[in-house]
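One letter stands for each residue in the lines below.
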Amino acid sequence: MFFWLLLMIGMVLGAVAGLIYLVTRFRHFLVTEKTEEYWKTHRKRSYLLATVPVLFLLLYCVLDTVNGIVVTLNLVVIWLIADLIAWIVKKIRKKPVKFYWAGICAIVFTVAYLGSGWHFAHHVYETTYELKTEKNLGMDKLRIAQVSDSHVGATFYGEGFAKYMEQMQHTNPDLIVVTGDFVDDGTTKEDMIICCEALGKLQSTYGCYYICGNHDKGYYNYRNFSYDELIDELKKNNVHVLEDEVVELNENIVLVGRQDRTMTTRADMETLTKDIDKSKYMIVLDHQPNDYTAQAKSQVDLVLSGHTHGGQMFPIGIVGELIGANDNTYGLERRDKTNFIVNSGISDWEIKYKTGGAISEYGIIDITNATEMNKLK
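Calculation criteria
Residues numbered from 1 in each chain as written. Predicted model: local features only at pLDDT ≥ 70, side-chain atom pairs only at ≥ 80, totals over all residues. Heavy atoms only, no water. Salt bridge = Lys/Arg side-chain N within 4 Å of Asp/Glu carboxyl O. Helix = DSSP H or I, 4+ residues; strand = E, 2+ residues; numbered from the N terminus. Buried < 20%, exposed > 50% of the residue type's maximum accessible area, 1.4 Å probe, protein only. Pairing = 2+ DSSP bridges. Axes fitted to C-alpha atoms, helices over the stretch in contact; angles between N-to-C directions. Patch = residues over 30% accessible without salt bridge, like charges linked within 9 Å, V, L, I, M, F, W, Y side chains within 5 Å. Areas by Shrake-Rupley, 256 points an atom, 1.4 Å probe, with all protein chains shown as cover. Core = buried A, V, L, I, M, F, W, Y, C linked by side-chain atoms within 4.5 Å. Parallel < 35°, antiparallel > 145°, perpendicular 65-115°, else oblique. Contact = heavy atoms within 4.5 Å. Nonpolar A, V, L, I, M, F, W, Y, C, P; charged D, E, K, R; others polar.

Engineer: Could you clarify how one ought to interpret the pattern of salt bridges in this entry?
Structural biologist: Between side chains of opposite charge, a pair can form when the charged atoms approach closely. Per the stated rule, a full pass over the model turns up eleven salt bridges. Across the salt bridge formed by Asp83 and Arg25, the nearest N and O atoms sit 3.0 Å from each other. With Asp83 in helix 4 (residues 65-93) and Arg25 in helix 1 (residues 2-26), this residue pair connects regions lying 58 residues apart in the sequence. In this pair, the class of Asp83 matches that of Arg25, namely buried. In this structure, Glu233 and Lys236 form a salt bridge, with 3.4 Å as the shortest nitrogen-oxygen distance. Linking Glu233 with Lys236, this pair stays in helix 8 (residues 227-236), spanning three residues, or about one helical turn. Shared partners join several salt bridges into a network, and the residues in it are Arg258, Arg266, Asp286 and Asp291.

Engineer: Explanation requested: the sheet that holds strand 12 (residues 360-369) in the structure shown.
Structural biologist: Consider a sheet: its strands pair through backbone hydrogen bonds, and that pairing is either parallel or antiparallel. Judged by pairing direction, the sheet is mixed, and its six strands sit side by side in the order 1-12-2-3-4-5 without closing on themselves. With one partner strand each, in any of the chains shown, strand 1 (124-133) and strand 5 (239-241) form the two edges of the open sheet. The average undirected angle you get between the axes of adjacent strands in this sheet is 25 degrees. As paired elements, strand 4 (residues 208-211) and strand 5 share three bridges and run parallel to each other. Within the sheet, the bridge partner assigned to Tyr210 lies in strand 5 and is Val241.

Engineer: Just checking my understanding: could you explain a nonpolar patch on the surface for this structure?
Structural biologist: A cluster of nonpolar side chains, namely Leu55, Leu58, Leu59, Val62 and Leu63, defines an oily patch on the protein surface of about 510 Å² accessible area. Mapped onto the elements, Leu55 comes out in helix 3 (residues 43-63).

Engineer: It is not clear to me how the nonpolar core should be interpreted in this structure. Could you clarify?
Structural biologist: Nonpolar side chains tend toward joint burial in soluble globular proteins. Counting 33 residues, the largest nonpolar core has Met165, Phe182, Leu199, Tyr210, Leu230 and Leu234 as its most contacted members. Membership of the second largest hydrophobic core comes to 24 residues, among which are Ala50, Val54, Leu57 and Val71.

Engineer: I'm lost on the packing of helix 6 (residues 158-169) against helix 7 (residues 189-200) in this one. Help?
Structural biologist: The axes of two packed helices give the description: the angle between them and the distance between them. At a minimum axis distance of 8 Å, the contact between helix 6 and helix 7 shows a crossing angle of 10 degrees. Taken together, helix 6 and helix 7 sit at an angle that is classed as roughly parallel. Here Gly158, Glu159, Phe161, Ala162 and Met165 of helix 6 lie close against helix 7, whose contacting residues are Asp191, Ile194, Cys195, Ala198 and Leu199. Within the contact of helix 6 with helix 7, the residues separate by chemical class into seven nonpolar, one polar and two charged.

In short, shape yes, function no, at least from these values alone.
If you want it as C-alpha cells, here you go:
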C-alpha cells in the first residue's frame with residue numbers, strides 16, 4: 001500500500017510538471033518562421049494563448065482526478081518521444097522543419113491510443129480457455145463461467161451488469177464463479193441489489209459461488225450499504241459465499257474459496273487443502289494472483305483469479321510483477337500440475353482506459369476429461 005501511495009504522489013507531481021511542459025509545447029504551434037519576430041515582442045501573450053488547451057486538461061484533472069492525470073501523463077510521455085524522434089530526424093536531415101509535426105503526431109497518436117483504451121474498457125468480450133485433465137470429473141466436460149472485478153458503477157451500472165450476465169448465460173455454464181471486487185465504494189445499494197438479482201437468475205449445474213476482493217468491503221465507508229448487506233443480498237439470491245471454505249460440487253470436483261489476501265484471518269493453502277483427496281479435481285478461487293508457489297505445492301488443478309485488470313494500462317502490469325504484487329498479470333500459466341488463469345475483469349476500477357493489450361471480459365473455461373476423450377478416439 002505504501003508503494004502505491006508513493007506512486008500516486010509521483011503521478012500527481014508528474015502531471016503538474018507535465019502540464020507546464022505542455023504549455024511550452026503548444027507554444028510551438030504559434031511560433032513559426034513567419035510569426036517568430038512578432039512573438040518575440042509578445043512573449044507573455046504567446047504563453048498565455050498556449051495555456052488555453054492545457055486548461056482543458058487541468059479541468060479534466062479537477063473533475064476526474066485519476067483519469068485526468070492518466071491522460072496528461074500519457075500525452076506528455078508520447079509528446080516527449082515525438083520530440084526526441086523529431087530532434088533525431090532534424091540532426092540527420094540537417095534542415096529546419098517548417099511546421100511542428102512532432103506535436104501534431106503526438107496529439108493524434110495519444111487520441112488513437114487512449115481512444116482504443118476507452119473502447120477496450122467499455123466493451124466486454126468473451127474469452128475462452130480449453131483445459132484437459134487425466135482426473136475423473138464425473139462428466140465429460142466441466143464448463144466454468146468466471147466473472148471478476150465488475151466494480152459496479154465504474155463502466156456500467158446494475159442494468160449493464162444484468163445484460164452481460166444474460167449474454168454469459170447463453171454459454172450454458174456448469175459452474176459460475178465471481179472472483180472478487182464485485183462492488184466498489186462508488187456502487188449504490190440499488191445497483192448492488194440489481195446485480196445480485198442478475199446472478200440469482202443464472203442457471204447452471206452447480207450454482208454460483210462468490211469470493212471477496214480487496215474492494216468489496218469498501219475503503220472509505222461512504223457508500224449506502226455495508227459488506228454484511230452485500231453478503232445477505234447474495235445469499236438471498238442463492239449465491240454461495242466462500243470465505244476460506246471447501247465445497248464438494250460432486251464426488252469428483254472440489255471447490256476452494258479463499259478470503260482475500262488483505263484479510264489477516266486468511267488460512268494458508270496447506271491448511272485449506274490438507275483434508276482434500278488429491279485424486280479429486282481441485283479448483284481454487286483466489287482474488288489476487290499472488291500465491292502461486294503455495295498453490296502449486298498444494299497440487300490443486302486450477303486457480304482462478306482477477307484483481308489485475310489485465311495490467312490495466314502499460315506499464316502497470318509489468319511494474320506489478322517486478323515488485324512482487326502479482327505472480328501473473330493476465331491469462332493462462334501452468335506451474336507443475338497446476339493451471340492458473342487471471343481474468344482481466346468485466347469492468348474497471350477508477351481508470352476508464354485499458355491499454356497495452358488489456359480488455360474487459362468474462363471467461364469461459366472448458367475442462368475436458370482426457371480419459372473420456374481418449375475413449376471416444
